[in-house]
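# Coordinates in review
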Amino acid sequence: MSRIAASLVASLVLPFTLLGEDKYAPWIQPEFPFFGSSLDLRGVQPDAKPFNVTPRGLVLNLGHECWACFDTDLLRVAAVWRGRGLTPEALGPLTWQDTHLKTIGGQGKLPKPDGEVWLLNGIYPGWQTGTAPSFGDPRPTEMSPEEPGRGPLPAVSRFKAVRLGANGVVLEYTAGGAAIEEWMTASGETAVVQRNFRIGPAAQPLTLVLAQKGVGQPTFAVSSSSVALVEDDRAWSLRIPPHEAALEFSVAMTSGAKLPATAPASRPSPNSQRWPQTVTTKAVLSSEEDAYVMDDIPLPMDNPWRRNIRFSDIAFFKDGTGVGTAFDGDVWTIRGLGGKSGDAQWRRFTSGLHEPMSLVVRDGEIFVFDRLGIWRLRDSDDDGEADVHELFSNVFPQSAETREFPNSLKLAPGGAFIVAKGGQQASTLSRLNGSVLRVAPDGQSYTVLGVGFRQPFAGVHPRTGLVTASDQEGHYTPTTPLYIVKDAEYHGYLSELLPREKYPAPIADPLTWIPHSVNASAVAQVWLVGARLGPLNGSLIHVGFNRPELFRVLLNERASRPQAAVVSVVRDFDVPALNATVNPADGCLYVAGFQLAGWGTTAKRLSALGRLRYTGAPCTLPRELAAKDKGVLLRFDVALDPDTATDPANYSLERWHYRRSYQYGSPHLKADGTPGQDWIMPSSAYLSKDGRSVFVGVPDMEPVMQMRIGWSLAAAGGEKLSETAYFTPYELTKFDPAAEGFATTEVDLTPRAAVTRVSAPATVEEGERIYKMMGCMACHAADDSVQPKIGPSWKGLFGKERPLVKAKSVIADEAYLREAILTPATQVVKGFERVEAGMPQYAGVLTDEQVESLILFIKSLK
């Protein structure tokens, strides 16, 4: 770590000037020698089975418009071509200049050679043992036989690393147990491509398949008589005999011309600094006075390389130096994040990764998860930049399915890694799309923790090793779930290629469901172990993406069956949040993420980095929520005002079910199966002896898929406590007043038709209280800082014309607002058919004064 830190020079702000029409320099960097990508050769070899697609490829920029793709699974050169590189169909390059473009799911459109392919190999190992080549795939077949994403070859033939030089790269791998170094060059007007090798001692003969016949007219020349060039009716191959001393030679290749034998090209010269500049950004500290606020750490968008930065994750060394990864393959180091000035010094560390979305630091080393696997990035010459990309682990399979994203890489106790891989298979079926895996500390093996996810994002407790994961609402996922992941359990998602609703195993239940209106797109979790965030320390935090939000997860550890509740910590901040990490230097939580077309978020910025900071103000969040046989127990970190805490009218409750099916999402369903929510009127409320806990008496408590409780209280010091929590009560434990710190009493469970309040004039303040307590804030914005898409914003709503689905437009006057609150399904606004039709009816729930207060509140939002 100290070597990286020492190399970060004094800061220098380096703005760039936009050139031409493009805001950013080309996605393919001419000065960088490789990048990770899939490669689609089906257009060149349409009848190949399995499909001739390389899910895990290293595309080498050889110069002279020559390109080669090295398949890190099969150790083959998949193709050599001359042209402009790859067609921009992968998500990164497609959206590089225009973020509104969108890649389709499946494998219908994948990157292809942008030029003339004159050398090709099929789906078979490039390196093989023995004296005759085989043209079959020795790896276990996937669920779809045509799927080539089957993972690597056995460990004796495995890709190791990319070693960067100033003018190229050296590929390091083993074949049949022999250590091999290879570097490729291109030269001349006829574009001669040369593969150069150094092969360590080999105890058995090796065969290298150079090219399959039928595509192009390649010719070859070998520099050494120690190896034999063999041509048969299917391919050109090299035979390498067993040898005790290292063997060096080259194979020159070109298209349609004769070649003289040539000596091996020189190895790439030692790596030198490519990006010595440091870019400085200045933090913008929040001026809010809440207990938890979000500071803005600007990204180095003004950089001398004109790189777009779609920041996906951040990790920290022990001294607080950050390291972050961007979706387009870059990794940056960041100093100063924990300092008082708020300045951050950014330095590029490496590039070339394939859609990396997560990274960790283990024992002072950087590990990044991309589509090729888990990379260990090393700075062997101490110049502040990585010169070795070690493919630490690719033991699990990876398809080229565009939505098999490398969603999460988390560090587990003992050095193991937890990875979460995207699902949504639309072209072929693979075993481990949509799975959570535990990769051994040495990277050489893995175990399956969970399968059947749509798009899982994971979290790990750094001490206990407890693994959690969210999933994305969609087909077969009725709304957002949050799971404990264990025992290879199945989580309910089925590909569209499979029969509908024929589940292969029992479906695991989540800790809790979270409504679509609250958390429409769930991502990572993080434990605040080692944080300095006051009462939140040690908590589990769940990250919401669609409407950027951090939730505190309240685990009910006293129930025999795992269950939990979620409550919002901060919401509507302008970071398209994907991941969050605690900085050991300042104890704050750093939140990173980006957005793309199709990744729905209300955040306005393309990418951002935020810092959750504790101001020291009183924390009004609950620290425990427990569903009991007679009601709901809430515990806080502050003493409560007795008058508000014991008034049952200050609480609102409702419950509903979901239906898992092949359809996208699920309606809310009452206990009788009809659409809607069942309202529950609390009958009583009690304050604990220490004044920090309340028990809300609820008649007819019963297990249910989803329950909501809202409250509008005051602390003893006068602070307002208005919030809503969502939970899934599988088990209702017995409420023992004395054991829970309450006076011995019999809980009043007398049913009430409605919760009534002492009649009082309608006010804006009362309307705002109801807006928070009844959960309206989950669907409707009260300002224009962020515009949630789940329901119409209330900002500026009054007096506007509203286009309706089943009628002409109407003006949003008081009569319209009253009807929309009491019976919302009668006048549904266009564009919100799915949401408003499922909005709760408040007729018989809110008093006339409360409805009038809500209307006054809406009118005040000008």
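One can find the structure itself at the top, above this paragraph.
Residues numbered from 1 in each chain as written. Predicted model: local features only at pLDDT ≥ 70, side-chain atom pairs only at ≥ 80, totals over all residues. Heavy atoms only, no water.

With that settled, the discussion passes to the overall build of the protein chain. Within the protein chain one finds seven helices and 51 strands. Here the C-alpha radius of gyration of the protein chain, 30 Å, is about what a compact globule of 862 residues would show, namely 29 Å. Across its three principal axes, the protein chain shows a C-alpha extent of roughly 100 × 60 × 55 Å. Taken across its 862 residues, the protein chain has 62% of its residues classed as buried. (Helix = DSSP H or I, 4+ residues; strand = E, 2+ residues; numbered from the N terminus. Rg over C-alpha atoms; globule rule 2.2 N^0.38 Å. Buried < 20%, exposed > 50% of the residue type's maximum accessible area, 1.4 Å probe, protein only.)

What follows deals with the sheet that holds strand β11 (residues 206–212). Pairing is antiparallel in the open sheet, where four strands are placed in the order β6-β11-β14-β13. Each of the sheet's edge strands pairs with one partner strand only, and the pair in question is β6 (127–129) and β13 (228–231). Direction aside, the axes of adjacent strands within the sheet are offset by 30° on average. Direction of pairing for β11 relative to strand β14 (residues 235–240): antiparallel, over a ladder of six bridges. In the sheet register, Leu 208 faces β14, and the bridge partner there is Leu 238. (Pairing = 2+ DSSP bridges. Axes fitted to C-alpha atoms, helices over the stretch in contact; angles between N-to-C directions.)

This part covers the side chain of Arg 552. For Arg 552, the position within the fold is in strand β37 (residues 549–555). Reaching out from Arg 552, the side chain makes a polar contact with the side chain of Ser 539 at a distance of 3.0 Å. (Polar contact = N/O pair within 3.5 Å; in protein donor to acceptor, adjacent residues only side chain to side chain.)

Reading across from one edge, β1-β2-β3-β4-β5 is the order of the five strands in this open sheet, with antiparallel pairing throughout. Two strands close off the open sheet at either side, each with one partner strand: β1 (34–40) and β5 (113–120). Strand after strand, the sheet turns through a mean of 35° between neighbouring axes, direction not considered. As paired strands, strand β2 (residues 53–63) and strand β3 (residues 66–71) are joined by six bridges and run antiparallel to one another.

Every buried residue of helix α5 (residues 814–822) is listed here: Tyr 816, Leu 817 and Ile 821. Across the axial projection of α5, the buried residues extend over an arc of 130°, all falling on one side. Of the surrounding elements, those touching the buried residues of α5 are β50 (801–802), β51 (810–811) and α7 (848–860). A distance of 3.3 Å separates the backbone nitrogen of Ala 815 from a side-chain oxygen at the start of α5, and that oxygen is part of Asp 813. (Arc of directions from axis to C-beta. Contact = heavy atoms within 4.5 Å.)

Below, the discussion takes up unusual backbone geometry. Of note, the bond from Lys 49 into Pro 50 is cis; its omega dihedral lies within 30 degrees of zero at 0°. Examined against the element boundaries, Pro 50 turns out to sit in the loop between β1 and β2. Positive phi, close to 50°, is recorded for Glu 355, a residue that is not glycine. Topologically, Glu 355 is positioned in the loop between β21 (343–350) and β22 (358–362). A positive phi is found at Ala 488, a non-glycine position, where the angle reads about 55°.

Okay, the pattern of salt bridges next. Applying the stated criterion across every chain yields a total of 45 salt bridges. The partner of Glu 248 in a salt bridge is Arg 198, with the nearest N and O atoms 3.4 Å apart. Remark: Arg 198 occurs in strand β10 (residues 192–199) and Glu 248 occurs in strand β15 (residues 247–255); sequence separation between them is 50 residues. Given a relative accessible area of 47%, Glu 248 falls into the partly exposed group. (Salt bridge = Lys/Arg side-chain N within 4 Å of Asp/Glu carboxyl O.)

Our next topic: the pairing of strand β19 (residues 322–326). Taken residue by residue, a regular strand's side chains alternate between the two faces of the sheet. Among the five residues in β19, five count as buried, and that is most of the element. Of the two faces of β19, the one holding Gly 322, Gly 324 and Ala 326 and the one holding Val 323 and Thr 325 are both buried throughout. Of the strand pairs in this sheet, strand β18 (residues 311–316) and β19 are connected by five bridges, and their pairing is antiparallel. The residue bridging Phe 316 from the neighbouring strand is Gly 322, located in β19. Hairpin connection of β18 to β19: five residues between the antiparallel strands, including Gly 320 at a positive phi of 95°. Bridge count between β19 and strand β20 (residues 331–335): four bridges; the pairing is antiparallel. When the bridges of β20 are listed, Val 323 appears paired with Thr 333.

Counting buried positions along β14 gives six out of six residues, so the element sits mostly inside the fold. Relative to β14, β13 is paired through four bridges, and the arrangement is antiparallel. Of the residues in β14, the one forming a bridge with Leu 229 is Leu 238. In this structure, the hairpin formed by β13 and β14 is closed by a connection of three residues.

With 13 residues, α7 should reach 18 Å at 1.5 Å per residue; the first-to-last C-alpha distance of 18 Å fits that figure. When we look at burial in α7, the residues that qualify are Gln 850, Val 851, Ser 853, Leu 854, Ile 855, Phe 857 and Ile 858. (Expected span 1.5 Å × (residues − 1).)

Grouped together as the largest cluster of nonpolar side chains are 82 residues, with contacts concentrated most on Trp 127, Phe 159 and Ile 240. Non-local contacts of Ile 240, meaning those with residues more than four positions away in its chain, are made with Trp 127, Ile 199, Pro 205, Leu 206, Leu 208, Val 227, Leu 247 and Phe 249. Judged by nonpolar contacts, the second largest core, of 64 residues, contains Tyr 292, Phe 405, Leu 578 and Val 696. (Core = buried A, V, L, I, M, F, W, Y, C linked by side-chain atoms within 4.5 Å.)

Another point: the packing of aromatic side chains. Tallying each qualifying case throughout the model produces 34 aromatic pairs. Judged by centre distance (5.4 Å) and plane angle (45°), the ring pair of Phe 220 and Trp 236 falls under tilted. Taken as a pair, Phe 220 in strand β12 (residues 218–222) and Trp 236 in strand β14 lie far apart in primary sequence, 16 residues in all. Phe 220 gets classed as buried once you look at its relative accessible area, which sits at 11%. Measuring from ring centre to ring centre gives 5.0 Å for Phe 327 and Phe 594, while their planes differ by 35°; the resulting arrangement is tilted. With Phe 327 in the loop between β19 and β20 and Phe 594 in strand β40 (residues 589–594), this residue pair connects regions lying 267 residues apart in the sequence. For Phe 594, a relative accessible area of 0% translates into the label buried. (Phe/Tyr/Trp six-rings, centres within 6.5 Å; stacked < 30°, edge-to-face > 60°.)

As a further point, take the state of the cysteines. Tallying each qualifying case throughout the model produces zero disulfides. Note on Cys 66: no disulfide assigned, nearest cysteine sulfur contributed by Cys 69 at a separation of 15 Å. Under the relative-accessibility criterion, Cys 66 is labelled buried at 0%. Of all cysteine sulfurs in the structure, the one in Cys 619 sits closest to Cys 588, which takes part in no disulfide; the separation is 15 Å. (Disulfide = S-S within 2.5 Å.)

Note that Glu 489 resides in strand β33 (residues 489–490). Residue class for Glu 489 comes out partly exposed when judged on its relative accessible area of 25%. For Glu 489 and Gln 663, which are 174 residues apart along the polypeptide, the C-alpha to C-alpha distance reads 22 Å. If we skip the residues at most four places from it in the chain, Glu 489 touches Leu 449, Gly 450, Val 451, Ile 484 and Ala 508.

Between α5 and α7, whose axes approach to 10 Å, the crossing angle comes to 120°. In this view, α5 runs oblique relative to α7, as classed from their interaxial angle. Judged by the twist between their axes, the crossing of α5 over α7 is right-handed. The segment α5 lies against α7, with Glu 814, Leu 817, Arg 818, Ile 821 and Leu 822 engaging Val 851, Glu 852, Leu 854, Ile 855, Ile 858 and Lys 859. Along the lines of polarity and charge, the residues of the contact of α5 with α7 split into seven nonpolar, no polar and four charged. (Parallel < 35°, antiparallel > 145°, perpendicular 65-115°, else oblique. Left-handed = near helix turned anticlockwise from the far one by under 90°. Nonpolar A, V, L, I, M, F, W, Y, C, P; charged D, E, K, R; others polar.)

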